Amino acid sequence: MLNKYKRIVFFTGAGTSVESGIPTYRGAGGVWKNYNYQEYACQEAFLRNPEKVWDFHDRRRALIKSCEPNRAHRIIAEIQKLRPKTSIITQNIDGLHQRAGADRVVELHGSIWRLRYQEKGLLVENFETPLKERKCADNAWWRPDIVWFGDPLNQATINTALSCLEKCDLLICIGTSAVVYPAAQMPEIAVNNGADTIEINPEKTPISHLFQRCIRDSASRALTALFPDFAEI
Ligand code: APR
């Protein structure tokens, strides 16, 4: 695989982190099964009750902090090291690709490890959690730098993702239900540009028909089978 392809794109969703112990958003045990996203993951909720939204994200951060990257994250990071033209485009906000050693990750939906204060263009990364002071100097709330429902994606981030998808010769789409836009329509860009395509997901998705090959297995087992040289990392 590594000798055949020069520009691989790994396009990942929450299913990639399941084997690390982080629940998906949809499906059995999904976050949005237990929490109404309209109360915890949109700007209106944040304006209405910032403490409640902050508490939810602190709980998510505590869980993520207690989890480790799994073999899927490690294989992807190792491939990026060996093939620097490899791109990682993720919908995940958990930072596990980076903790596995990936150094260039396109985070379409932001990061739970970043805060912003829009008015002053301030950005804080890798802060200690739980944050003692949830407000910044102007007594304004720090805002998680996450693309919540109804938020626009960062245009520069979209442009970077599109550029990677337009140039790739292999797209491996892992662990996304492909129901949230514009991310869900991005794999089709690689398809339209003639890339070879693989979907890794135990379940069929609305975009499964786009892929030449669908591996109905977990992220780490499927990637180990695709890249057997990395079976032990
Ligand atoms: N390996 C691979 N895929 C898996 C695994 C696994 N071990 N376990 C579950 N999956 C698949 C599920 O079948 C499902 O299709 O992962 C997918 C997870 O889907 P979602 O929970 O919808 O996650 P995702 O597609 O990343 O959500 C997209 O929605 O809530 C918003 O912004 C949030 O980025 C998120 C976006």
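Residue positions are given per chain, counting from 1 as you read along its sequence in written order. In view of the model being predicted, local features appear only for residues whose pLDDT reaches at least 70, and side-chain atom pairs are presented and counted only at 80 or more, with totals across whole chains, interfaces and linings using the full set of residues. Side-chain metrics in this entry use all non-hydrogen atoms of the structure; hydrogen atoms and water are not considered.

S.K.: Help me out: how do you make sense of the overall build of the protein in this one?
M.R.: The number of helices and strands found in the protein is nine helices and nine strands. In this setup the radius of gyration rests on C-alpha atoms only. A globule is expected at 2.2 Å times the number of residues raised to 0.38. A compact globule built from 233 residues would reach a C-alpha radius of gyration of about 17 Å, and the protein, at 18 Å, matches this within 12%. Relative accessible area decides the class of each residue, using a 1.4 Å probe on protein chains only: under 20% of the type maximum gives buried, over 50% gives exposed, and in between gives partly exposed. Counting only residues that meet the buried cut, the protein has 53% of its 233 residues in that class. Taking the intrachain contacts of the protein between residues at least 6 apart in sequence as the baseline, contacts between residues at least 24 apart amount to 65%. With residues, only the protein chains shown are counted as cover, and all accessible areas are computed by Shrake-Rupley using a 1.4 Å probe. About 11,200 Å² of surface is accessible on the protein, with carbon and sulfur atoms providing 51% of the total. The charge count includes Lys and Arg as positive and Asp and Glu as negative, but it does not include His or the ends of the chains. To locate a charge, the coordinates of NZ of Lys, CZ of Arg, CG of Asp or CD of Glu are taken. Of the charged side chains in the protein, 30 are positive and 27 negative; the average position of the first set lies 2 Å away from that of the second. Where helices and strands are cited, they refer to DSSP runs of H or I of at least four residues and of E of at least two residues respectively, numbered from the N terminus. Contacts were defined at the residue level, with two residues in contact if any of their heavy atoms lie within 4.5 Å.

S.K.: Looking at this structure, how should I read the layout of surface pockets?
M.R.: Rolled over the atoms, a probe sized like a water molecule indicates the empty space that remains. Empty space within the largest pocket amounts to approximately 960 Å³. The dominant element in the lining of the largest pocket, judged by the number of residues it contributes, is helix α4 (residues 50-65), at three residues. Asp, Glu, Lys and Arg are counted as charged, while Ala, Val, Leu, Ile, Met, Phe, Trp, Tyr, Cys and Pro are counted as nonpolar; the rest, among them Gly, fall into the polar class. Residues of the lining of the largest pocket, tallied by class, amount to 22 nonpolar, 15 polar and seven charged. Of the volumes computed, that of the second largest pocket is approximately 280 Å³. Looking at the second largest pocket, it is lined by 13 residues, and the ones nearest its centre are Arg-116, Asp-145, Val-147, Leu-153 and Asn-154. Of all the secondary-structure elements, those providing two or more residues to the lining of the second largest pocket are β4 (110-117) and β6 (143-146). Among the elements that take part in the lining of the second largest pocket, β4 stands out by supplying three residues, more than any other. Grid points spaced at 1 Å and placed over the protein atoms alone form the basis of the search, with a cavity being a set where a 1.4 Å probe fits but cannot get out and a pocket an open set showing protein on both sides within 12 Å along at least five of seven lines. Lining residues have an atom within 4 Å of a point. Grid points are joined across faces, edges and corners, and a volume is the space filled by probe spheres set on the points.

S.K.: For this particular structure, what's the right way to read the pattern of salt bridges?
M.R.: Pairing is possible between side chains that carry opposite charge, provided their charged atoms lie close to one another. Any Lys or Arg side-chain nitrogen found within 4 Å of a carboxyl oxygen on Asp or Glu counts as a salt bridge. Per the stated rule, a full pass over the model turns up 17 salt bridges. Where Lys-4 meets Asp-196, a salt bridge forms, and the shortest distance between an N and an O atom there is 3.8 Å. Here Lys-4, found in the segment before β1 (8-12), pairs with Asp-196, found in strand β8 (residues 196-200); they are 192 residues apart in sequence, far enough to count as distant. Salt-bridge contacts for Asp-58 lead to Arg-61; the nearest nitrogen and oxygen are separated by 3.1 Å. Remark: Arg-61 and Asp-58 occur in helix α4; sequence separation between them is three residues, near one turn of the helix. Through salt bridges with shared partners, a single ionic network connects Glu-51, Asp-55, Asp-58, Arg-61 and Arg-134.

S.K.: For this particular structure, what's the right way to read the site of the ligand?
M.R.: Lining the immediate environment of the ligand, one finds 21 residues, of which Tyr-25, Arg-26, Thr-176, Ser-177 and Asn-201 sit closest. We call two N or O atoms a polar contact when they sit within 3.5 Å, provided that within protein one can donate a hydrogen and the other can accept it, with sequence-adjacent residues counted only if both atoms are side-chain atoms. With respect to the ligand, the side chain of Ser-177 contributes an N or O atom lying 2.6 Å from an oxygen atom. Within the complex, 91% of the 740 Å² of free accessible area of the ligand lies under protein. When atom positions are compared with the pocket grids, the ligand is found to occupy the largest pocket. Considered class by class, the residues forming the shell around the ligand number eight nonpolar, 10 polar and three charged. Whether a residue is near a molecule or strand depends on its heavy atoms: if one lies within 4 Å, it is near. Molecule-in-pocket calls rest on the fraction of atoms, with more than half required to lie within 2 Å of the cavity or pocket grid points.

S.K.: Would you take a moment to explain empty space enclosed by the protein for this structure?
M.R.: For the structure shown, the criterion picks out one cavity of 30 Å³ or more. Of the volumes computed, that of the largest cavity is approximately 70 Å³. The wall of the largest cavity is formed by Ala-14, Ser-17, Ile-22, Pro-23, Tyr-25, Arg-60, Ile-64, Asn-92, Ile-93 and Asp-94. Of the residues in the lining of the largest cavity, the class split is six nonpolar, two polar and two charged.

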